[in-house]
Amino acid sequence: MCGYDGPIYMTHPTKAICPILLEDYRKISVERKGETNFFTSQMIKDCMKKVVAVNLHQTIHVDDDLEIKAYYAGHVLGAAMFYVRVGQESVVYTGDYNMTPDRHLGSAWIDKVRPDVLITETTYATTIRDSKRSRERDFLKKVHDCVQNGGNVIIPVFALGRAQELCILIETYWERMDLKVPIYFSAGLTEKANHYYKLFINWTNEKIKSTFVQRNMFDFKHIKAWDRNYLEMPGPMVLFATPGMLHIGTSLEVFKKWAPDPKNMVILPGFCVAGTVGAKVLEGQKKIDVDKFTTIDVNLQVRNLSFSAHADAKGIMQLIRQCEPRNVVLVHGEKGKMGFLKSKIMKEFGVPCFDPANGQTVSMDTSRAITADMSVALLKKHLAGRPIELNFLKEIEDAVSSTPVERQIAVEQIRPRTAVPIQGVMVMTEEANDDDDHRPRKVRIVDPDSAVQDSRLPSHDLQFDLTRPFNATLLQIRAAEAGVDVVDVKKYALNLVYTALVRVVGGEVNVERAESKLKVRSVLVYVPDEDGAGGNALKVRWSYRDEDLANRVLAVVNLTLLS
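What you see is a predicted model; the values in this text were computed from it and never measured. (Residues numbered from 1 in each chain as written. Predicted model: local features only at pLDDT ≥ 70, side-chain atom pairs only at ≥ 80, totals over all residues. Heavy atoms only, no water.)

**Quick word on the overall build of the chain**
Right, so step 1: Within the chain, the secondary structure is distributed over 17 helices and 25 strands.
Right, so step 2: By the burial criterion, 40% of the 563 residues in the chain qualify as buried.
Right, so step 3: Of all intrachain contacts in the chain linking residues separated by at least 6 positions in sequence, the fraction that spans at least 24 positions is 68%. (Helix = DSSP H or I, 4+ residues; strand = E, 2+ residues; numbered from the N terminus. Buried < 20%, exposed > 50% of the residue type's maximum accessible area, 1.4 Å probe, protein only. Contact = heavy atoms within 4.5 Å.)

Shown next, in the form of structure tokens:
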């Protein structure tokens with residue numbers, strides 16, 4: 001109908017339930033309301049042929065740049081949040097979700113995906129619900145008291161989600177209290193939805209899955225299908241009827257019949273859109289005009305207990321904390337309440353937050369990664385490694401003269417490197433193109449010398465000097481314990497450093513030794529000509545090109561001389 005010919009991605013339960021919901025919507029709109037410009041049953045069938053079912057946490061590559069991933073959203077059977085990445089930019093679209101587990105579904109969960117944009121629903125932007133247990137206790141008490149006094153209870157619910165949640169709750173209570181008052185649910189969609197809950201039991205919470213073999217919680221003993229003839233029967237009785245906002249269907253039909261009697265009760269467990277009969281009931285209106293010919297006298301007891309499957313303000317903040325977005329966009333809420341939540345998000349998380357009106361365009365800054373080619377020579381230079389002999393540590397442990405410093409050096413040799421810093425120069429060049437205004441740019445990371453040669457710039461060499469003092473007395477004590485006569489304590493210190501360096505870096509680079517100095521590439525460790533103000537010390541000098549190697553050499557010098 002809208003001309004889309006691409007794939008449609010759904011979870012498996014959604015794919016199963018979707019055609020039933022669409023057909024029910026079509027029947028209500030066309031056959032009951034008389035809509036003419038509407039989709040047909042054949043269009044629904046054609047639409048479902050385009051559907052591709054996805055598993056939770058399965059990454060789907062739609063094309064070379066676009067990938068999607070579904071995450072469990074709670075809310076209703078099959079509900080999912082989708083992470084979508086295009087190139088280097090990403091978005092999480094939550095749809096409806098619930099961060100609180102209930103009696104038949106688990107709570108929503110997502111990885112720390114750090115998207116550029118999180119688009120989240122805000123149905124309950126300023127509401128923080130009280131304990132679920134206290135709400136359930138209050139609900140059951142109100143239902144029990146009403147039927148005990150001979151009244152009827154109507155509970156308007158939507159076919160998918162809250163109907164199953166409250167049916168499980170009241171079924172368990174009826175069984176525990178051994179009550180005989182009949183409970184009904186309006187047949188049709190709810191009955192079909194219950195069938196799919198049984199079929200996709202792995203989407204429910206752990207308790208239902210663990211007891212599934214002994215008893216399927218959706219096989220209700222006390223709850224029977226509703227028949228319109230029961231409307232004339234005397235009470236008491238309990239009815240779960242669709243839809244949840246009392247605007248059409250069985251729930252409105254029964255409400256008209258029961259509303260005038262003060263013994264009866266209506267419990268609205270979810271959100272009602274302004275203008276619906278449900279919303280007017282919650283506002284306390286005693287006379288409600290349904291249409292030009294029908295006015296309802298509302299004398300029955302009215303209760304509003306929130307069993308909505310939407311996240312409250314606390315749950316929304318929890319999801320933001322969980323996925324760490326760079327920007328947040330609020331949708332599906334009331335303007336004033338969204339504004340309050342927006343300021344709270346910006347204050348607590350320090351990220352930009354937007355609450356656009358329908359049809360409004362929002363622009364935001366995102367970070368982009370740049371792909372660069374790396375010089376093979378530069379890569380080999382930094383990734384060159386030394387093969388470790390298996391008996392290396394054993395030799396250290398067995399050696400009588402081994403010291404904590406030597407053991408530490410041995411451990412450093414075999415410890416895996418989780419990150420390898422690479423020092424190079426990023427060079428960006430424009431490639432030849434017929435369109436001079438839009439030349440593609442090639443980015444490379446090369447060795448500093450190569451960058452200087454390519455650009456024909458004068459070469460400069462930046463040198464660093466460091467003086468590393470040491471305690472001569474401690475070194476002499478160590479030498480005496482090892483049976484070594486020390487004539488020149490500085491040269492003895494240099495010998496210790498040389499031995500340690502050979503062990504640590506000798507397999508990767510050559511360690512050269514002279515009388516009063518040793519050299520590892522551009523890194524020079526030497527005995528100064530004069531004592532200077534620092535007394536006993538070694539000096540280290542290196543070029544900026546070997547900064548990474550110099551850090552390793554300095555670490556060895558520190559471990560050797562300061563231990």
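Moving on, there is more to tell.
**A word on the sheet that holds strand β5 (residues 80–86)**
Right, so step 1: With respect to topology, seven strands assemble into an open sheet ordered β3-β4-β5-β6-β7-β16-β17, the strand pairing being mixed. Only two strands of the sheet have a single partner each, and these edge strands are β3 (59–61) and β17 (353–354).
Right, so step 2: Pairing analysis gives two bridges linking strand β16 (residues 328–331) to β17, with the strands arranged parallel. From the neighbouring strand, V328 faces β17, where its bridge partner is C353.
Right, so step 3: Where helix α9 (residues 313–323) meets the sheet, its contacts fall on β5, β7 (117–121) and β16, and the angle it forms with β7 comes to roughly 160°.
Right, so step 4: Across the sheet, helix α10 (residues 335–349) lies against β16 and β17, angled at about 165° from β16, the strand it touches most. (Pairing = 2+ DSSP bridges. Axes fitted to C-alpha atoms, helices over the stretch in contact; angles between N-to-C directions.)

**Some thoughts on the sheet that holds strand β10 (residues 223–225)**
Right, so step 1: Taken in spatial order, the six strands make up an open sheet running β10-β9-β11-β8-β12-β15, and their pairing is parallel. The open sheet has two free edges, formed respectively by β10 and β15 (301–304), since each of these has just one partner strand. The average angle at which neighbouring strand axes cross in this sheet is 20°, direction not considered.
Right, so step 2: Pairing of strand β9 (residues 183–185) with β10 involves three bridges; the strand directions are parallel. Considered in β10, the bridge of Y184 is made with K224.
Right, so step 3: Each of β8 (152–156), β11 (237–241) and β12 (265–268) is contacted by helix α7 (residues 249–258), which is oriented at about 150° to β8, the strand it contacts most.

**Comments concerning the environment of R541**
Right, so step 1: Structurally, the position occupied by R541 is in strand β25 (residues 537–543).
Right, so step 2: Overall, the relative accessible area of 33% leaves R541 in the partly exposed class.
Right, so step 3: Distance in space between the C-alpha atoms of R541 and T467 is 8.8 Å, their sequence separation being 74 residues.
Right, so step 4: Setting aside its immediate chain neighbours within four residues, R541 contacts Q463, F464, D465, S522, V523, L524 and Y526.

**Brief notes about the state of the cysteines**
As used in these notes, a disulfide is a covalent bond between sulfur atoms, one from each of two cysteines.
Right, so step 1: Summed over all chains, the structure comprises zero disulfides.
Right, so step 2: Not part of a disulfide, C47 finds its nearest cysteine sulfur in C18, a span of 6.5 Å.
Right, so step 3: A residue is classified by how much of its surface remains accessible, and C47, at 26% relative accessible area, is partly exposed. (Disulfide = S-S within 2.5 Å.)

**Some thoughts on the packing of α9 against α10**
Right, so step 1: Look at α9 against α10: their axes get within 12 Å of each other, and the N-to-C directions meet at 35°. Pair α9 / α10 crosses with right-handed handedness. Side by side, α9 and α10 meet where I316, M317, I320 and R321 of the first sit next to L341, K344, I345, E348 and F349 of the second.
Right, so step 2: Among the residues making up the contact of α9 with α10, the classes are represented as six nonpolar, no polar and three charged. (Left-handed = near helix turned anticlockwise from the far one by under 90°. Nonpolar A, V, L, I, M, F, W, Y, C, P; charged D, E, K, R; others polar.)

**Focus on the pattern of salt bridges**
Right, so step 1: Per the stated rule, a full pass over the model turns up 22 salt bridges.
Right, so step 2: Here K50 ties to D5 by a salt bridge, and the two come within 4.0 Å at their closest N and O atoms. Remark: D5 occurs in the segment before β1 (8–11) and K50 occurs in the loop between α2 (41–48) and β2 (51–54); sequence separation between them is 45 residues.
Right, so step 3: Look at D5 and you get exposed, because its relative accessible area is 70%.
Right, so step 4: Of the charged contacts, one joins R541 and D465 as a salt bridge, the two residues approaching to 2.8 Å between their closest N and O atoms. Here R541 is found in strand β25, whereas its partner D465 is found in strand β21 (residues 463–469), with 76 residues between them in sequence.
Right, so step 5: A relative accessible area of 45% means that D465 is categorised as partly exposed. (Salt bridge = Lys/Arg side-chain N within 4 Å of Asp/Glu carboxyl O.)

**Concerning the side chain of D546**
Right, so step 1: Here D546 shows up in the loop between β25 and α17 (547–562).
Right, so step 2: Given the relative accessible area of 7%, D546 is considered buried.
Right, so step 3: A polar atom in the side chain of D546 sits 3.0 Å from the side chain of R521.
Right, so step 4: In this structure, D546 is in contact with R521, S522 and V523, ignoring residues within four places of it in sequence. (Polar contact = N/O pair within 3.5 Å; in protein donor to acceptor, adjacent residues only side chain to side chain.)

**Quick notes on the side chain of D355**
Right, so step 1: Tracing the backbone shows D355 in the loop between β17 and β18 (373–374).
Right, so step 2: Engagement of the side chain of D355 in a polar contact is seen with the side chain of K342, the distance being 3.4 Å.

**Considerations on a nonpolar patch on the surface**
Right, so step 1: On the surface, a cluster of nonpolar side chains totalling about 350 Å² of accessible area is made up of M374, L379, L383, V420 and I422.
Right, so step 2: Along the chain, L379 turns up in helix α11 (residues 376–383). (Patch = residues over 30% accessible without salt bridge, like charges linked within 9 Å, V, L, I, M, F, W, Y side chains within 5 Å. Areas by Shrake-Rupley, 256 points an atom, 1.4 Å probe, with all protein chains shown as cover.)

**A look at the confidence of the model for the chain**
Right, so step 1: Confidence in the prediction of the chain, expressed as mean pLDDT, is 84, and 89% of residues score 70 or more.
Right, so step 2: Per-residue pLDDT stays below 50 along residues 386–390; that stretch engages in nine contacts with residues further than four places along the chain or on separate chains. (pLDDT = per-residue confidence, 0-100.)

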